[in-house]
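Per-entry structural report
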Amino acid sequence: QVQLVESGGGLVQAGSSLRLSCADSGRTFSSYTMGWFRQAPGKDREFVAAITWGGGNTYYADSVKGRFTISRDNGKNTVYLQMNILKPEDTAVYYCAKAARIFTPASRAQDFGSWGQGTQVTVSS
């Protein structure tokens, strides 16, 4: 059974940085695209970033491009989201997700089969 556990959220001021981590308890982490999504109050869940199984390809939402960086450490079964120059509009619950199929790029929510419980990121102005 896959279990994804996020950490690293918190309350920060605009312009600050945070790094989110997501640890996967599964045995086949290195075979799957991993992604980050976020959901702000009253809004739909939206794609933030994704990284393919070997880390060779990354994808970003336009709203975070140039500020956020997704990376992974397959030896630690962990994916990271480095968030710089945070803005109040980045405030949301951030979710880690694991693609539903091995060796398949993914960026749509329906392409991911496992989700973490989420971690709150709040950016004050």
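So, here is what we can say about the structure in this document. (Residues numbered from 1 in each chain as written. Predicted model: local features only at pLDDT ≥ 70, side-chain atom pairs only at ≥ 80, totals over all residues. Heavy atoms only, no water.)

This next bit is on the pattern of salt bridges. Applying the stated criterion to the full structure yields six salt bridges. The shortest N-O distance in the salt bridge between D62 and K65 comes to 3.1 Å. On the basis of relative accessible area, D62 is assigned to the exposed category, the value being 67%. The shortest N-O distance in the salt bridge between D111 and R108 comes to 3.0 Å. For D111, a relative accessible area of 22% puts it in the partly exposed group. The exposure class assigned to R108 is partly exposed, which follows from its relative accessible area of 47%. Each of R38, E46, R67 and D90 takes part in salt bridges that share partners, so that together they form one network. (Salt bridge = Lys/Arg side-chain N within 4 Å of Asp/Glu carboxyl O. Buried < 20%, exposed > 50% of the residue type's maximum accessible area, 1.4 Å probe, protein only.)

Read from one edge of the open sheet, four strands run β1-β3-β8-β7, paired in antiparallel fashion. In the strand order of this sheet, the two ends are held by β1 (4-7) and β7 (68-73), each with one partner. Put simply, the sheet's adjacent strands are angled 15° from each other on average, direction ignored. Judged from the six bridges that link them, strand β3 (residues 18-24) and strand β8 (residues 78-83) form a sheet pairing that is antiparallel. The residue of β8 that forms the bridge with L20 is L81. (Pairing = 2+ DSSP bridges. Helix = DSSP H or I, 4+ residues; strand = E, 2+ residues; numbered from the N terminus. Axes fitted to C-alpha atoms, helices over the stretch in contact; angles between N-to-C directions.)

Here the focus is the pairing of strand β9 (residues 92-99). For β9, the tally of buried residues reaches seven of eight residues, placing the bulk of the element in the interior. Relative to β9, strand β4 (residues 34-39) runs antiparallel, the two sharing six bridges. Bridged to M34 within β9 is K98. Summarising the sheet, β9 and strand β10 (residues 112-115) pair through three bridges and their orientation is antiparallel.

Turning next to the side chain of D24. Assignment of secondary structure puts D24 in strand β3. Here K98 takes part through its side chain, which lies 2.8 Å from a polar atom of the side chain of D24. (Polar contact = N/O pair within 3.5 Å; in protein donor to acceptor, adjacent residues only side chain to side chain.)

Covered by surrounding structure in β1 are L4 and E6 only, the residues V5 and S7 on the alternate face being uncovered. Relative to β3, β1 is paired through four bridges, and the arrangement is antiparallel. Across the sheet, the residue bridging to V5 is A23, located in β3.

Moving on: the packing of aromatic side chains. Geometrically, a pair of aromatic rings is defined through the distance of the ring centres and the angle of the planes. This model, assessed by the stated rule, comprises five aromatic pairs. Ring centres of F37 and F47 lie 5.6 Å apart, and the angle between their planes is 75°; on these two criteria the pair is classed as edge-to-face. Taken together, the residues span a long stretch of sequence, with F37 in strand β4 and F47 in strand β5 (residues 46-51) at a distance of 10 residues. Since its relative accessible area comes to 19%, F47 is described here as buried. Here a set of aromatic residues connected by ring pairs shows up, and it is made of F37, F47, F112 and W115. Lying across the ring of F29, R72 places its NZ or CZ 4.4 Å from the centre. A cation over a ring is seen here: K98 above Y32, with NZ or CZ 4.7 Å from the ring centre. (Phe/Tyr/Trp six-rings, centres within 6.5 Å; stacked < 30°, edge-to-face > 60°. Lys NZ or Arg CZ within 6 Å of the ring centre and 35° of its normal.)

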